[in-house]
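Now for the letters of each chain:
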Amino acid sequence: MPKEYTHTECFSFFGTTPRNTRWSWSGRSEDGADVSVTLWQDRFEDKGRVYRSWKTDRPGEWKSRPGFVELIDNLAYARDHAGGVVHVIMAQARDKDASPRSIARCFPHPTLKMCVVELDQGEGTFVLERLEPASPA
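Per-chain numbering applies: the sequence of each chain, read as written, is numbered from 1 onward. For this predicted model, a pLDDT threshold of at least 70 governs which residues receive local features, and a threshold of 80 or more governs which side-chain atom pairs are given and counted, while totals over whole chains, interfaces and linings are taken from all residues. Hydrogens are left out, water is left out, and the side-chain values use all remaining heavy atoms of the structure.

(A) Just unusual backbone geometry, in detail. Positive phi values are uncommon outside glycine, yet Asp46 reaches one of about 50°. By the element assignment, Asp46 lies in the loop between strand 3 (44-45) and strand 4 (50-52). Strands are runs of DSSP state E lasting at least 2 residues, helices are runs of H or I lasting at least 4, and numbering of each runs from the N terminus.

This is the structure:
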């Protein structure tokens, strides 16, 4: 049976720390080299290659949610200081139709890295694309 992880343990797996263990959806390593983000497993598109910010948000609403504000800050940090690369914590929702959602189960995905390809810090929108592993020469 696979190991069960707490959300905090998922951050630790990548050597990252969230600002707040209750509401953070992303974290950064102390040395700034790594960023991890929590993504909903059912919201990946294009056979798992693309992940977009939620389309259900009303304009400006995201700024009232500290975890989402931190996520946007960490995506900008990754873009500016880590080549856009983020580690993925995969989250499964208790209820996919609930708003807000809560995590039923989460786990670090050690082989999945995403890259920030679009980020609008004013609107709080983003697009991440899966980094493909390097081909052997």
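Now that the structure has been shown, the text picks up again.
(B) The environment of Arg130, seen in detail. With respect to the helices and strands, Arg130 occurs in strand 7 (residues 125-130). A relative accessible area of 29% places Arg130 in the partly exposed class. Separated by 15 residues in sequence, Arg130 and Cys115 have C-alpha atoms that sit 6.3 Å apart. Sequence-distant contacts of Arg130, defined by excluding residues within four places in its chain, comprise Lys47, Gly48, Arg49, Leu112, Lys113 and Met114. Burial classification: accessible surface area is computed with a 1.4 Å probe over protein chains only, and a residue below 20% of its type maximum counts as buried, one above 50% as exposed, and the rest as partly exposed. The contact criterion used is simple: two residues touch if any of their non-hydrogen atoms lie within 4.5 Å.

(C) Geometry of the sheet that holds strand 6 (residues 103-120). In this scheme, strands are said to pair when DSSP sees at least two bridges between them. Taken in spatial order, the 7 strands line up as 1-2-5-6-7-4-3 in an open sheet, and their pairing is mixed. The two strands at the open ends of the sheet, each matched to only one other strand, are strand 1 (26-28) and strand 3. When strand 1 meets strand 2 (residues 35-40), the two strands line up antiparallel, connected through 3 bridges. Paired with Ser26 across the bridge in strand 2 is Val37.

(D) Local environment of the side chain of Ser24. Structurally, Ser24 can be placed in the loop between helix 1 (7-13) and strand 1. You can call Ser24 buried: its relative accessible area is 2%. Polar contacts here mean pairs of N or O atoms no more than 3.5 Å apart (in protein, one a potential hydrogen donor and the other a potential acceptor; neighbouring residues in sequence count only if both atoms are side-chain atoms). Side-chain polar atoms of Ser24 contact the backbone oxygen of Asn20, separated by 2.9 Å. In this structure the side chain of Ser24 is engaged in a polar contact, spanning 2.6 Å, whose partner is the side chain of Glu70. The contact partners of Ser24, leaving out residues within four places of it in the chain, are His7, Phe11, Pro18, Arg19, Gly67 and Glu70.

(E) Local environment of the environment of Arg79. By the element assignment, Arg79 lies in helix 2 (residues 66-81). When the C-alpha atoms of Arg79 and Val117 are compared, they prove to be 8.3 Å apart, with 38 residues separating the residues in sequence. Setting aside anything within four residues of it in sequence, one finds Arg79 in contact with Gly84, Val116, Leu119 and Gln121.

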